[in-house]
Amino acid sequence: DKRPDTAMRVLIALASLVSVSGFAFNAPTIRAGSKVSRASALSTRMAARDLPSGELRTQLIGAKKALSELLDKTNANPLMVRLAWHDAGTFDVGINEWPKCGGAIGSIRFSPEITHGANKGLATAVTMIEPIKKKFPLVSYADLFQMASATAIEVAGGPSIPMRYGRVDAKGPDDCSPEGNLPFAEPGPTGTYGTDTGTKSTVDTSPGGHLRKVFYRMGLGDQEIVALSGAHTLGRAWKDRSGLGAESTKFTEPGHIARADGKPGIGKAGGQPWTEKWLKFDNSYFTTIPDTNADPELLKLSTDRILFSDEGFRPFAEKYKASEPAFFGDYAQAHAKLSELGSRFEPKEGIKIDGIVAAKAPASAYTASKRFPWEL
């Protein structure tokens, strides 16, 4: 019998475990002629796959470390948040068939979805992630996109997001969602917000009504709309991408310190941010938007202002203005929920790598999209 006995299968599986603190492990020495040496590569993979902390978990941990390093070097935090949100934000809770329902399935890497107006500039984010995908091939694109976003929040000083992984990837262009599922920040040429070209019409004459049509379609509510809007504490709008915002401000000029750790670096100069420290994740979005004395060079869009005037949104916006811990708590839950919309997991319960966070290293900003609020 050439199959390894139970003890050897356990040893093989344990060899795939990773040292959490070092993001690496030392495999035991295997001598020729031993029972372990007679185990097939297939048996090894099967044993590792049977444990949540097997080979995939090892690669997930390695990918998170690599993403943390990428973010620190490139200051691309807002770009990665936007990539993940635009992948997940296509979800339609009324469509029961996967992957037609859209969501966090990695379909944004394919054309035509990556070429949608809302996704202008996001091909750059996909390209930046490709070397990490090559190094950790077991990690799906859908997982990498969502991991990049959660890590971007965490290393910018934000809350730890309760993520799980194991998402199954969309397979090709036929799995892309139609254009028109993502929110507008300002009305279009007809004076209305939204379109009727997506899976469900999001057209409305008011910013609040439009936001609800978009997010309710995803199965999210008013609290989640407001909490997720708070991520605009990161990033800036670019006029050449969205048609919104100033070409440049004193907060987006070389030399401005935007990172939470005080390090220099903002990436490409230009654009207009919502907050002064726009590479730091905090509740300053909620303190700035209602402040009539805020610096006029900071951005305030219709979908920002409505959070403090709409009766359904205002209680949450005021709550987050008054308490950063309250904002962080609600935001972390809303972000995690958004990251799982439409996702199919293998294993079904997903894989958690909680606590695996590189040293805090806030990051930068990148861009915008066409008339859409998630211009992180």
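Look above for the structure.
Residues numbered from 1 in each chain as written. Predicted model: local features only at pLDDT ≥ 70, side-chain atom pairs only at ≥ 80, totals over all residues. Heavy atoms only, no water.

Asks: What is the right way to read the overall build of the protein chain from this model?
Replies: A count of helices and strands for the protein chain gives 14 helices and two strands. A buried classification covers 57% of the 376 residues belonging to the protein chain. Across the protein chain, contacts joining residues at least 24 apart in sequence account for 73% of those joining residues at least 6 apart. Of the roughly 15,600 Å² that the protein chain leaves accessible, carbon and sulfur atoms contribute 54%. (Helix = DSSP H or I, 4+ residues; strand = E, 2+ residues; numbered from the N terminus. Buried < 20%, exposed > 50% of the residue type's maximum accessible area, 1.4 Å probe, protein only. Contact = heavy atoms within 4.5 Å. Areas by Shrake-Rupley, 256 points an atom, 1.4 Å probe, with all protein chains shown as cover.)

Asks: How should I be thinking about the pattern of salt bridges in this particular structure?
Replies: Pairs can form between side chains of opposite charge once their charged atoms are near each other. Taken as a whole and judged by the stated rule, the model has 14 salt bridges. The shortest N-O distance in the salt bridge between K100 and E97 comes to 3.9 Å. We classify K100 as exposed; its relative accessible area is 55%. Using a relative accessible area of 46% as the deciding quantity, one classes E97 as partly exposed. With its nearest N and O atoms 2.8 Å apart, the salt bridge here joins R167 to D143. Linking R167 in the loop between helix 7 (141-155) and helix 8 (207-217) with D143 in helix 7, this pair joins segments that are 24 residues apart in sequence. Judged by its relative accessible area of 2%, D143 is buried. Salt bridges linked by common partners bring D72, R259 and D261 together as one network. (Salt bridge = Lys/Arg side-chain N within 4 Å of Asp/Glu carboxyl O.)

Asks: Teacher, can you tell me more about unusual backbone geometry here?
Replies: Outside of glycine, negative phi angles account for most residues, and trans bonds account for most peptide bonds. That bond from S111 to P112 is cis: its omega, 20°, falls within 30 degrees of zero. In this structure, P112 sits in the loop between helix 5 (77-88) and helix 6 (122-135). In this chain, E346 is followed by P347 through a cis amide linkage whose omega measures 5°. Structurally, P347 is set in the segment after helix 14 (324-340). Here the phi dihedral of N75 falls at roughly 55°; this positive angle occurs in a residue that is not glycine. By the element assignment, N75 lies in the loop between helix 4 (55-74) and helix 5. You can call N75 buried: its relative accessible area is 6%.

Asks: Can you help me understand the nonpolar core in this one?
Replies: Buried together is how nonpolar side chains tend to be arranged in soluble globular proteins. Judged by nonpolar contacts, the single largest core of 78 residues is most densely connected at M80, L83, F281 and Y331. The element best represented in this core is helix 7, accounting for nine residues. In this structure L83 touches I108, L122, A125, V126, I129 and F145, once residues within four positions along its chain are discounted. (Core = buried A, V, L, I, M, F, W, Y, C linked by side-chain atoms within 4.5 Å.)

Asks: Honestly, the packing of aromatic side chains in this entry has me stumped. Any pointers?
Replies: Geometrically, a pair of aromatic rings is defined through the distance of the ring centres and the angle of the planes. Counted under the stated rule, the structure contains ten aromatic pairs. A centroid spacing of 5.5 Å and a plane angle of 50° characterise the contact between Y320 and F327, whose relative ring orientation is tilted. Three or more aromatic residues joined by ring pairs make a cluster, and in this case those are F281, Y285, F286, Y320, F327, F328 and Y331. Over the face of the ring belonging to Y141 we find K133, whose NZ or CZ atom lies 5.0 Å from the ring centre. When the ring centre of F345 is taken as origin, the NZ or CZ atom of R164, which lies over that ring, is 4.0 Å away. (Phe/Tyr/Trp six-rings, centres within 6.5 Å; stacked < 30°, edge-to-face > 60°. Lys NZ or Arg CZ within 6 Å of the ring centre and 35° of its normal.)

Asks: Sorry, what's going on with helix 6 here?
Replies: Note that an α-helix has 3.6 residues per turn; residues three or four places apart therefore point the same way. The end-to-end C-alpha distance of helix 6, which contains 14 residues, comes to 21 Å, matching closely the 20 Å that a straight helix rising 1.5 Å per residue would cover. Three or more residues of helix 6 are buried, namely L122, A125, V126, M128, I129, I132 and K133. Looking at the buried positions of helix 6, the neighbouring elements they touch are helix 4, helix 5 and helix 7. (Expected span 1.5 Å × (residues − 1).)

Asks: Can you help me understand the side chain of R259 in this one?
Replies: Of note, R259 is situated in the loop between helix 10 (239-242) and strand 2 (272-273). On the basis of relative accessible area, R259 is assigned to the buried category, the value being 3%. Only 2.6 Å separates the side chain of R259 from the side chain of D72, close enough to count as a polar contact. A distance of 2.8 Å separates the side chain of R259 from the side chain of N75, its partner in a polar contact. (Polar contact = N/O pair within 3.5 Å; in protein donor to acceptor, adjacent residues only side chain to side chain.)

Asks: What am I meant to see in the packing of helix 5 against helix 7 here?
Replies: Axes are the key here: two packed helices are described by the angle between their axes and the distance separating the axes. It is the contact of helix 5 with helix 7, at a shortest axis distance of 8 Å, that shows an interaxial angle of 140°. With respect to their mutual orientation, helix 5 and helix 7 come out oblique. In this structure, helix 5 meets helix 7 at a crossing whose hand is left-handed. Here helix 5 contributes N77, M80, V81, L83, A84, W85, D87 and A88 to the contact with helix 7, which in turn contributes F145, Q146, A148, S149, A152, I153 and V155. (Axes fitted to C-alpha atoms, helices over the stretch in contact; angles between N-to-C directions. Parallel < 35°, antiparallel > 145°, perpendicular 65-115°, else oblique. Left-handed = near helix turned anticlockwise from the far one by under 90°.)

Function cannot be inferred from these measures alone, as they are strictly geometric.
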